[in-house]
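# Chains, contacts and geometry: an overview
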Amino acid sequence: MFRSRIWARNLLLITVISCIVALGFDKRNDTDFTDGEGIVEQYLMARQEAEHELEEFYETATPGDEPDWKSEAMENLRFNRERLYQAGLSAKDVDDLIEGDPGMSMARTVGQNSRRKCRSTRKRTIEIKPSRRWTKAIVPFVFIETTSEAGQTEIIRSMRTYERFTCLRYVPWSEADALTTNKRLGLGHESYLSFVDGRGCWSFQGNIRKSVGGQKISCCGGYTCIHEIGHAMGESHEHQSPNPDRNRMIRINPDGIQDSKIKSYSENDGRYVKSVGFDLSSYMHYAPWSFSVSGKKTFIKLFPELPHKNSYFYLMREVSLEHKCQDHCGGFPLTCENDGYLTLVDDKCSCKCIPGLDPATGCTSVFKSDPEDIAFPEGQYAFPAHSSGCPDGSFLLGSRTQINDGGNLKTQPFSVGFDVSDKKVEHKFCIKDLPSEDTIWPGANFCMYRRGGTCPKGFKDGFIQFNDSPTSTSPNEQSGELPDGVYGDDTRFEYCCTNTGFSKDELLLPSRKLFSLIKRRKQNCPKVRGMHYKVNNLRIRNGKDDGIAKAGGHHPMYREDKITMGYWTAFCSYTPAMLDCGDVIELDYSNREVTIHSPDAPELECYWLIKAPEGERLKLNFNDFDIKGAMGSCIDDLEVRYVRPGQPGIKFCGPKWERTIISINNTIHMRLSTYGDSSSRFTATIKLVEDADLCYQASDRGMTYDGDVNFTRDFEPCLPWHRMTHCEVHPFQTDKFNTILEGNSCRNPDQGTGFMPWCYTEANNCIRNYCDVCLLSKRFDRVDNCDELKASGKCNLKECAKTCADQYPEPNVPTKARDVSCPVPGPAPDGVPVDVTKNRFAVGETVKYKCEHDSSFKLRYCLSSGLWSAMGMVCSECPVEFLLNMDNKKCYFFPKIKKSAVDASKFCEAKGAVLAFPESEEENVYLRSFGTSNILLGFTDKIMEGKFMTATGKPVNYTKWAKSEPNNYRGREDCAEMSIDGFWNDVRCTRRSRHFVCQAPMTPLRDCLDFSDQCVKLFALYPAMCGEFSGFAEMHCRYTCGFCELENAPTCTVDTPGAEGETTELTRGMTMKYSCDKHYTPLSGDAVRGCQADGSLSGTPLECIKDCPNGWTINLETMHCYKMFDTPKNFSAAEADCEESHGTLATAYDAKEQAFVSSLKGVKEAIWLGLSDTTVEGTFRWANGSRLAYSNWKEGEPNDKGSAGEDCVQMHSPSKHTSSSTGQRPYQRSLKLGCQAKIWLKIQRPKDQSPPFLAITV
């Protein structure tokens, strides 16, 4: 289940004079703030790693102890510090960044007193746990002198956003007469944020208690600044969360990450970072293209439809809770529920709720009316009047009429209260004239008219001067109260504009009266809770260009019309939405479903929050659905949130929605927004989905599911597991529950990386998706022409799962796991079940088998089918979890944890093993293959100084000491470690934590059997497994792979490729590899065939087909060759070129061919297709005369646009089809072209070819 965010724990950094910590990251812009990340971030991350190592050291250090200044972390810090020096930063910037660096040379010579000082500081840190927070939630800050006004505005906007939704307050820092802001406010520290124009965007993490010079932060702008200030407030990167749900929501793709940025995606250590949830939508999360290479994604979303990096609700919630904002509201009468939190919202104690819920009820009900005390802020300002007048009686009314030479224009509809004609504009104003020095408007982006000579706090002034043309008969006029300006023969308006918020945040203003605001240029209209807005545009003509007309400062004029010399401004016109709808609904075990009908009313803003008991889920189906618009271009929309209610969801619209939505947690949160008198509507049924009703064991997340479903929740066909050996999970691993990875059925072999069973759907990028194995969801069609596809014999499950259900029938409805049980399992060939005390076992339960000859054992799982998991041998050559190395006849276990040499030895002894030690260069290389950091070795000279003995008490014969090692530094180094270069170094046996490997002797087996009864089937599917995955073969498939009992065993006689008349004898487990001749491509059969136990070869003979001509690409699905031509040509010339190549323009008869052609054309290219309606208008046919069945038209196409019409078809990005204008002369537009031609077929078999072959003996 998902719950909240990541927070950095108190960290230690040992320096010469202080103990501080840093963690920062470099981001550039709103589109992707990580594009500029680089050297600064890598240095700060290396510094963090070194600081964590030092913290561990000083946990138990005694006076006189020295840290390991040559450790891997320190060497990495040294390397990145050197890169920082060479990065082109100013000397001052570098000095600021490396101040307190724990690896600087001075730290190595620090004396005992200094170290004691640091340890003392750390003790105080433990006692004052929030020391990384900002005391009293006050954050002093300064701007460096070079920060531009625009840069300051962006930073202030982000700070104001934190102030709106937390109790944090950002105050300017100053110092006078040795009294700093911090001392004056009694903060107990001298740290403050110093905003710099650094290289890229980065920040230290948390309050680092810097005593001099300020804590540097390079914030950039927009949402990037939200991200960086989040770091300064203590937040870590979300995609590095140690929360287990991280690996169930995203899959990190190391192949897509720049080598130098891998650590930017590594999982944070849970000892230093606290996480109580995972938030894919957080602005603290990277985008999939951040630091990417070759167009690959750096991570794959396992729920690909979900949005990412577009919210800060949970970020603000975490910052607020960690700074104890709730303590500012003592005696508050409500508890904030449904993920709401108590804080200061716009300077008032209130619940900050998820969208649509009412703070006045503690977020327990839907917001349906304004609170009684809500009002427009006091002060002096003016709004443009709405066509209905002013919002209430607190406003004074005034008007100003401008006369000009004609050319005024307003867009329709226009609901601002201005009378606009060709030569006259009468402005009407709503004037607020209640002077107040304390009024602070909430952060937003809009403009007002100025009143009273000054702008409210947070606003900046500007003006627009018009050049009017009044006459004696048509003069400029005014009446009533006016905003600040000059009102004579010309008109000048004074404005106050603010840019202190983000348009997605709602203003809390009276919502039951119509009113208007002035739109700030280059910004969206601000949202107002409970209201909808429309943008009204107005152009006012200026007279002759004599320099009178002008605009300056912060004004709303967004465009100057050069032809009419008119100024364009825009207005935000607000209309109350219908709020008396929606509800908070709780389902339980006695009330298991609810049906929701949308209201039949205009201008809706309705919210529904449906809740299930904790740990359960919900299923949403639409019985009726018609929301105005189309996906991607909604007019009205229904947003559905089904992860966490504070995370943005998916906006749905269109004439139907057939797909079932199943929540990931226990809530579904919906918002329906309609605009005007809309006919949009829906009826939905939401049902409780209990864990007890699932067809798999919910507690193991479907690890023991072994049903037959072999398509995803999106009806994508699953790929066979044995073909995914290049991916993270496949049947030949030894660290996954892989005994049921067979065929292409959905499975979940690792609970840590999956919420439920899943499968691979795309081989190239190892793309995977979750499966609805319990068949809870309805079938649905993705495209609109499924009937045509079915009629033409081109049904496919992914596009037309509903229409083509008869051709792709579903498996039988699975039995609920609670109704399935397994009987007492029988004996194994070399072992029996022990401690069996009952006759039936529930799904997910295990039985322990004990070896008849030794103490080894094996667990067997009760599966969802009522069968037991695969079982071969019980007795093992190695203890449980250990891996056999056949070369040295030893067993090894790498626990992936760090301990001191003493504790590591105890850990291994508890497993019946010893700390591993190499006895040859080969063993040294093998041990070095475990992990990527230093590892401890099982050597010690405790008994006699200088005479190292192995962990088994024998003298050390093989050595690989580094230069000047062992040196028994300070007389305390009696144990050993191996560095990443393979050389050894003596180390202390206590204090220092390192990775380590346990080692145990191999126990010879009495029987030659497979450890898994799936080995025969796996070998038939993938005979190369015995050589490619020797570890798996040795551990699981000894007999099938020929590790034993080969005497008198049947052999396989095969023709030797390249040697006519000769044969080769293969023993069990050996393979023969075949390949096609040059200019031929595999068509069918198997390139690798293995010798099976009965003397037969696996698979079928390899058949080859003649390859395409040079430069052409083969598509075995269509048996055609394809080629992209880079020279653009019109349709007729393109057709002629393809005919000369004995082919036609490319076709896309179905989704598979569409995807293939699209992959050839490139992302940004547009190409002609061999499709047109030149013969009969509206009847599109392919070049071979066949009628169009499958189509992939862009929305609104085909449209036969223009006087000449459009008769030809192009494929463009993103692979959608559009009709193309023919112009005055047919097919005149030039595009690139793709041709296709039939392949000349010629079948080859192995005996006809002379390929190289490979025989693998195992």
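The protein is annotated in an unreviewed UniProt entry as Metalloendopeptidase of Elysia crispata.

Another point: the overall build of the protein. Counting its regular elements, the protein contains 18 helices and 73 strands. Counting every position in the protein, which comprises 1258 residues, the buried fraction comes to 57%. Taking contacts inside the protein between residues at least 6 apart in sequence as the whole, the part at least 24 apart equals 69%. Carbon and sulfur atoms provide 50% of the accessible area of the protein, an area that totals close to 53,500 Å².

All right, on to the state of the cysteines then. By the definition in use, this model includes 29 disulfides. Across the disulfide from Cys 201 sits Cys 220; the S-S distance is 1.8 Å. On the sign convention where negative is left-handed, the bridge of Cys 201 and Cys 220, at about -90° about the S-S bond, is left-handed. Here Cys 201, found in the loop between strand E6 (193–195) and strand E7 (202–203), pairs with Cys 220, found in the loop between strand E8 (215–218) and helix H8 (222–232); they are 19 residues apart in sequence, far enough to count as distant. Classification of Cys 201 as buried rests on a relative accessible area of 0%. Across the disulfide from Cys 1108 sits Cys 1121; the S-S distance is 2.1 Å. Here the disulfide of Cys 1108 and Cys 1121 is left-handed, its torsion about the S-S bond being about -90°. Of this pair, Cys 1108 sits in the loop between strand E64 (1103–1106) and strand E65 (1113–1115) while Cys 1121 is found in strand E66 (residues 1120–1129), placing the two residues 13 residues apart along the sequence. Cys 1108 gets classed as buried once you look at its relative accessible area, which sits at 10%.

Quick look at the packing of helix H6 (residues 149–165) against helix H10 (residues 313–322) now. Where H6 meets H10, the axes come as close as 10 Å, and the angle between the chain directions of the two elements is 70°. Relative to H10, the element H6 is oriented roughly perpendicular. Like other packed secondary-structure pairs, H6 and H10 cross with a definite hand, here right-handed. Two secondary-structure elements touch here, H6 through Thr 161, Tyr 162 and Phe 165 and H10 through Leu 315, Met 316, Val 319 and Ser 320. In terms of residue class, the contact of H6 with H10 is built from 5 nonpolar, 2 polar and no charged.

Turning our attention to the sheet that holds strand E49 (residues 883–885). With respect to topology, 4 strands assemble into an open sheet ordered E49-E50-E58-E52, the strand pairing being antiparallel. Strands with a single pairing partner mark the edges of an open sheet, and in this sheet they are E49 and strand E52 (914–915). The sheet contacts of helix H13 (residues 921–928) involve E49 and strand E50 (890–893), and relative to E50 the element is tilted by about 25°.

For the rest of this paragraph, the subject is the pairing of strand E23 (residues 491–499). Consecutive side chains along a regular strand alternate between the two faces of the sheet. Of all 9 residues that make up E23, 8 are buried, and the element is covered over most of its length. For strand E19 (residues 445–450) and E23, the ladder comprises 5 bridges, and the chain directions are antiparallel. Across the sheet, residue Met 448 finds its bridge partner in E23, namely Cys 496. Sheet topology note: the strand E20 (residues 460–466)/E23 ladder contains 7 bridges and is antiparallel. What sits directly across from Phe 466, in E23, is Thr 491. Summarising the sheet, strand E22 (residues 485–487) and E23 pair through 3 bridges and their orientation is antiparallel. Bridge pairing links Tyr 487 to Thr 491 in E23. Where E22 folds back onto E23 in an antiparallel hairpin, the turn is made up of 3 residues.

What follows is about the packing of helix H2 (residues 72–85) against helix H3 (residues 91–98). Two elements in contact, H2 and H3, have axes separated by 10 Å at closest approach and are oriented at 160°. Taken together, H2 and H3 sit at an angle that is classed as roughly antiparallel. As H2 packs across H3, the resulting crossing turns out to be right-handed. Listed contacts from H3 to Arg 81, Leu 84 and Tyr 85 of H2 are Val 94, Leu 97 and Ile 98.

Right, let's talk about the packing of aromatic side chains for a bit. Here the structure, examined in full by the defined rule, presents 70 aromatic pairs. Each ring, one from Tyr 286 and one from Phe 291, has its centre 5.7 Å from the other, and the planes form 85°; the classification is edge-to-face. For Tyr 286, a relative accessible area of 0% gives the class buried. Directly above the ring of Tyr 1039 sits Arg 1068, whose terminal nitrogen or CZ lies 3.8 Å from the centroid. Positioned over the ring face of Tyr 1080 is Lys 1106, at 5.9 Å from the centre of the ring.

What follows concerns the sheet that holds strand E37 (residues 637–641). Strand order in this open sheet of 5 strands is E31-E33-E40-E37-E38, and the pairing throughout is mixed. Each having just a single partner strand, strand E31 (583–586) and strand E38 (650–652) make up the two edges of the open sheet. Each strand of the sheet is rotated relative to its neighbour by a mean of 20°, with strand direction disregarded.

It is worth spelling out unusual backbone geometry at this point. Along the chain, Gln 412 connects to Pro 413 via a cis peptide bond; the corresponding omega equals -5°. Take Pro 413: it is sitting in the loop between strand E16 (409–410) and strand E17 (419–420). Cis geometry marks the peptide bond from Glu 965 to Pro 966, where omega comes out at -5°. Structurally, the position occupied by Pro 966 is in the loop between strand E54 (949–950) and strand E55 (975–978).

Here we take up the nonpolar core. Counting residues in hydrophobic clusters, the biggest one holds 74 residues, and the most contacted among them are Met 670, Phe 682 and Ile 686. The leading source of residues in this core is strand E41 (residues 681–689), at 5 residues. Discounting chain neighbours no more than four positions away, the residues touching Phe 682 are Ile 596, His 597, Ser 598, Trp 608, Phe 622, Asp 624, Phe 625, Leu 638, Met 670 and Leu 672. Judged by nonpolar contacts, the second largest core, of 45 residues, contains Tyr 170, Tyr 314, Cys 325 and Leu 344.

Along the chain, Leu 344 turns up in strand E12 (residues 341–345). Look past the residues within four positions of Leu 344 in its chain and what remains in contact with it is Glu 163, Arg 164, Phe 165, Thr 166, Cys 167, Arg 169, Cys 329 and Cys 349.

Within H13 the residues assigned to the buried category are Glu 923, Asn 924, Tyr 926, Leu 927 and Arg 928. Buried-residue contacts for H13 involve E49, E50, strand E53 (935–940), E55 and strand E56 (984–987).

With that out of the way, let us pick up the side chain of Ser 194. If you trace the backbone, Ser 194 turns up in strand E6. Residues contacting Ser 194, with those up to four places away along its chain left out, are Val 142, Ile 144, Gly 213, Gly 214, Gln 215, Lys 216 and Ile 217.

For the rest of this paragraph, the subject is the confidence of the model for the protein. Scored by pLDDT, the protein has a mean of 85; 89% of the residues are at 70 or more. In the model, residues 1221–1229 has pLDDT below 50 throughout and makes 24 contacts with residues more than four positions away in sequence or in other chains.

Moving on to the pattern of salt bridges. Counted according to the given criterion, the structure contains 43 salt bridges. Of the charged contacts, one joins Glu 560 and Lys 562 as a salt bridge, the two residues approaching to 3.6 Å between their closest N and O atoms. The exposure class of Glu 560 is partly exposed, given its relative accessible area of 38%. Taken together, the shared-partner salt bridges connect Arg 450, Asp 461, Asp 484, Arg 492 and Glu 494 into one network.

What follows covers the pairing of E19. Here E19 lies mainly inside the structure; 6 of its 6 residues are buried. For strand E14 (residues 379–384) and E19, the ladder comprises 2 bridges, and the chain directions are antiparallel. Within E19, the residue paired with Tyr 381 across the bridge is Arg 450.

On the secondary structure map, Gln 152 appears in helix H6. The partly exposed category is assigned to Gln 152, whose relative accessible area is 26%. Ignoring any residue separated from it by four or fewer positions in sequence, one finds Gln 152 in contact with Phe 143 and Thr 147.

Moving on, we come to a nonpolar patch on the surface. A cluster of nonpolar side chains, namely Phe 857, Leu 859 and Val 880, defines an oily patch on the protein surface of about 220 Å² accessible area. Structurally, Leu 859 is set in strand E48 (residues 857–861).

Topologically, Arg 529 is positioned in the loop between strand E26 (527–528) and strand E27 (531–541). In this structure Arg 529 is buried but unpaired, with Asp 370 as the nearest side chain of opposite charge at 4.9 Å. With sequence-adjacent residues up to four places away left out, Arg 529 is seen in contact with Pro 359, Phe 367, Pro 371, Ile 374, Glu 506, Leu 507, Leu 508 and Ser 511.

Cut-offs applied
Residues numbered from 1 in each chain as written. Predicted model: local features only at pLDDT ≥ 70, side-chain atom pairs only at ≥ 80, totals over all residues. Heavy atoms only, no water. Helix = DSSP H or I, 4+ residues; strand = E, 2+ residues; numbered from the N terminus. Buried < 20%, exposed > 50% of the residue type's maximum accessible area, 1.4 Å probe, protein only. Contact = heavy atoms within 4.5 Å. Areas by Shrake-Rupley, 256 points an atom, 1.4 Å probe, with all protein chains shown as cover. Disulfide = S-S within 2.5 Å. Axes fitted to C-alpha atoms, helices over the stretch in contact; angles between N-to-C directions. Parallel < 35°, antiparallel > 145°, perpendicular 65-115°, else oblique. Left-handed = near helix turned anticlockwise from the far one by under 90°. Nonpolar A, V, L, I, M, F, W, Y, C, P; charged D, E, K, R; others polar. Pairing = 2+ DSSP bridges. Phe/Tyr/Trp six-rings, centres within 6.5 Å; stacked < 30°, edge-to-face > 60°. Lys NZ or Arg CZ within 6 Å of the ring centre and 35° of its normal. Core = buried A, V, L, I, M, F, W, Y, C linked by side-chain atoms within 4.5 Å. pLDDT = per-residue confidence, 0-100. Salt bridge = Lys/Arg side-chain N within 4 Å of Asp/Glu carboxyl O. Patch = residues over 30% accessible without salt bridge, like charges linked within 9 Å, V, L, I, M, F, W, Y side chains within 5 Å. Lys, Arg positive; Asp, Glu negative; His and termini not counted.

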